[in-house]
Amino acid sequence: MPSTNGHVRKLAITYARVSTEEPARSGYSLAQQLEACRAWCAREGYEILEEVTDPGQSGASLERPGMDHVRDLVASHSRGAAELVVLAQDRDRFAREPAYHYLLRREFEEHGAVLRSLNDRGDDSPEGQLTDGILDQLAKFERAKTAERSRRGKRRMASEGKIVGGPSPAFGFRFTEDRTGYEVDEAKMRVVRCIFEDVAAGKTLRSIIKGLDEEGVPTPGRARLWGQAYVKQLVAHDAYRPHTCEEVRASSPRR
C-alpha cells in the first residue's frame, strides 16, 4: 500500500537457485546470489518482501519448490498497492529456456510485477526486451555446443575404459587416488543403505528426510538440510541398482 508520504512502496522478492553440481564446479552459491540482490535493493531503495531459494534445482524446468512459492507470492500481490520486482542475480537463475523466461515475465506482468535480473542488458522497452531475447538464444546455443563437446569427450573416455562422471561421484562413492575410477565410501554408503531400507519399509520421503536431519546426518555438498529432490534422485539413481553380469559386460569397454 502507499506509504504515508504519498510514495508507492517499492518491494522486491529475491530469488536464488543452484543446481546440484554448480557450487562444487564454479563456486556459484545461494549466499553469493542473495548478497548481490540485497546490495541492489539497498541501492535502488527496495524493501525485500521475501528471499526465496531453490537449492539443488535445475533451470531446465519451472517445476521447482522455490519458484512455485515465488509465483504464489506474485499471484497474491495486489496490483497498484506497491511496486513489486522479482529479482535474481542472473537471468538463467529464473530459467535456462528463453521461452520459460518469457512465460514468467508475462505471468508476473499480469499481477503488476516486474521480472528483473542484475545482468539484464536491455530495458523494459520492446527494443530492450528484443535485445535480451536474442542474447538468451545465443547463450542457449553456446550451452548446446558445450554439451555436445562434453558428450563427445565422454564417449571417448568410455571407449578407453575411463570413468565418465561429473565434478563429484554419486553419494556413497569417491574417486580412486588416480581419479580414473570409483570406490565405495563406506560411511556415506551406510547412509544410502539406511535410506533404501526406510523406502522398503514404506516410509515417505518427507519422514526419511526429517529423520536424517534430526539425527544430524551430514548432507551432500554445502546444503544445511537434506532436500526432498536430492533424496528422490538418489533413490532412483542407477548407481545403486543391482546389475546383471550381462549388463556389466555390455557397459565395459571391449578389449
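Provided above is the structure to which this section pertains.
Residues numbered from 1 in each chain as written. Predicted model: local features only at pLDDT ≥ 70, side-chain atom pairs only at ≥ 80, totals over all residues. Heavy atoms only, no water.

**Some points on the environment of Arg96**
Structurally, Arg96 is set in the loop between α4 (91-94) and α5 (98-110). Note on Arg96: relative accessible area 24%, which makes it partly exposed. Along the backbone, Arg96 and Leu62 are 34 residues apart, and their C-alpha atoms lie at a distance of 9.6 Å. In terms of polar contacts, Arg96 uses its side chain to reach the side chain of Asp92, at 3.3 Å. (Helix = DSSP H or I, 4+ residues; strand = E, 2+ residues; numbered from the N terminus. Buried < 20%, exposed > 50% of the residue type's maximum accessible area, 1.4 Å probe, protein only. Polar contact = N/O pair within 3.5 Å; in protein donor to acceptor, adjacent residues only side chain to side chain.)

**Quick word on the packing of helix α8 (residues 205-214) against helix α9 (residues 228-236)**
Where α8 meets α9, the closest approach of the two axes is 10 Å, and the angle between their N-to-C directions is 110°. Compared by their axis directions, α8 and α9 come out roughly perpendicular. Residue-level inspection shows Leu205, Arg206 and Ile209 of α8 in contact with α9, the latter providing Gln228, Val231 and Lys232. A class-by-class count of the residues in the contact of α8 with α9 yields three nonpolar, one polar and two charged. (Axes fitted to C-alpha atoms, helices over the stretch in contact; angles between N-to-C directions. Parallel < 35°, antiparallel > 145°, perpendicular 65-115°, else oblique. Contact = heavy atoms within 4.5 Å. Nonpolar A, V, L, I, M, F, W, Y, C, P; charged D, E, K, R; others polar.)

**Regarding the state of the cysteines**
Note on terminology: disulfide describes a covalent bond linking the sulfur atoms of two cysteines. Scanning all chains against the criterion turns up zero disulfides. Of all cysteine sulfurs, the one in Cys41 lies closest to Cys37, which takes part in no disulfide; the gap is 6.6 Å. (Disulfide = S-S within 2.5 Å.)

**Brief notes about the environment of Leu225**
If you trace the backbone, Leu225 turns up in the loop between α8 and α9. Placed 12 residues apart in sequence, Leu225 and Asp213 show a C-alpha to C-alpha distance of 6.2 Å. Leave out the neighbours within four places in its chain, and Leu225 touches Asp213 and Thr219.

**Re helix α7 (residues 186-200)**
Helix length check: α7, at 15 residues, gives a terminal C-alpha distance of 21 Å against a target of 21 Å (1.5 Å per residue), a fit within 8%. Among the residues of α7, Met189, Val191, Val192 and Ile195 are the ones counted as buried. Along α7, the residues classed as buried sweep out an arc of 150° about the axis, all on the same side. Opposite the buried face of α7, by more than 90 degrees, sit the exposed residues Glu197 and Ala200. Where the residues of α7 are buried, they touch β5 (173-175), β6 (182-184), α8 and α9. (Expected span 1.5 Å × (residues − 1). Arc of directions from axis to C-beta.)

**Remarks on the sheet that holds strand β4 (residues 113-117)**
Pairing in this open sheet of four strands is parallel, and the strands run β2-β1-β3-β4 from one edge to the other. Only two strands of the sheet have a single partner each, and these edge strands are β2 (47-55) and β4. This sheet shows a mean twist of 20° between the axes of neighbouring strands, independent of strand direction. Sheet topology places strand β1 (residues 10-18) next to β2; eight bridges connect them, and they run parallel. If you follow Thr14 over to β2, its bridge partner there is Glu51. The sheet contacts of helix α2 (residues 30-44) involve β1, β2, β3 (83-88) and β4, and relative to β1 the element is tilted by about 165°. (Pairing = 2+ DSSP bridges.)

**Details of the pattern of salt bridges**
Per the stated rule, a full pass over the model turns up 14 salt bridges. With its nearest N and O atoms 4.0 Å apart, the salt bridge here joins Arg43 to Glu44. Residue Glu44 is classed as partly exposed on the basis of its relative accessible area of 36%. The partner of Arg91 in a salt bridge is Asp120, with the nearest N and O atoms 2.8 Å apart. Taken together, the residues span a long stretch of sequence, with Arg91 in helix α4 and Asp120 in the loop between β4 and α6 (126-159) at a distance of 29 residues. Its relative accessible area of 9% is what places Arg91 among the buried residues. Taking the relative accessible area as the measure of exposure, Asp120 reaches 25% and is therefore partly exposed. (Salt bridge = Lys/Arg side-chain N within 4 Å of Asp/Glu carboxyl O.)

**Observations regarding the side chain of Asp54**
Locating Asp54 in the fold gives a position in strand β2. Buried charged residue Asp54 carries no salt bridge. Nearest counter-charge: Arg64, at 4.4 Å. Engagement of the side chain of Asp54 in a polar contact is seen with the backbone nitrogen of Gly66, the distance being 2.7 Å. Beyond its immediate stretch of four places on either side in the chain, Asp54 contacts Tyr15, Ala16, Arg17, Val18, Arg64, Pro65, Gly66 and Met67. (Lys, Arg positive; Asp, Glu negative; His and termini not counted.)

Geometry only, nothing functional implied.
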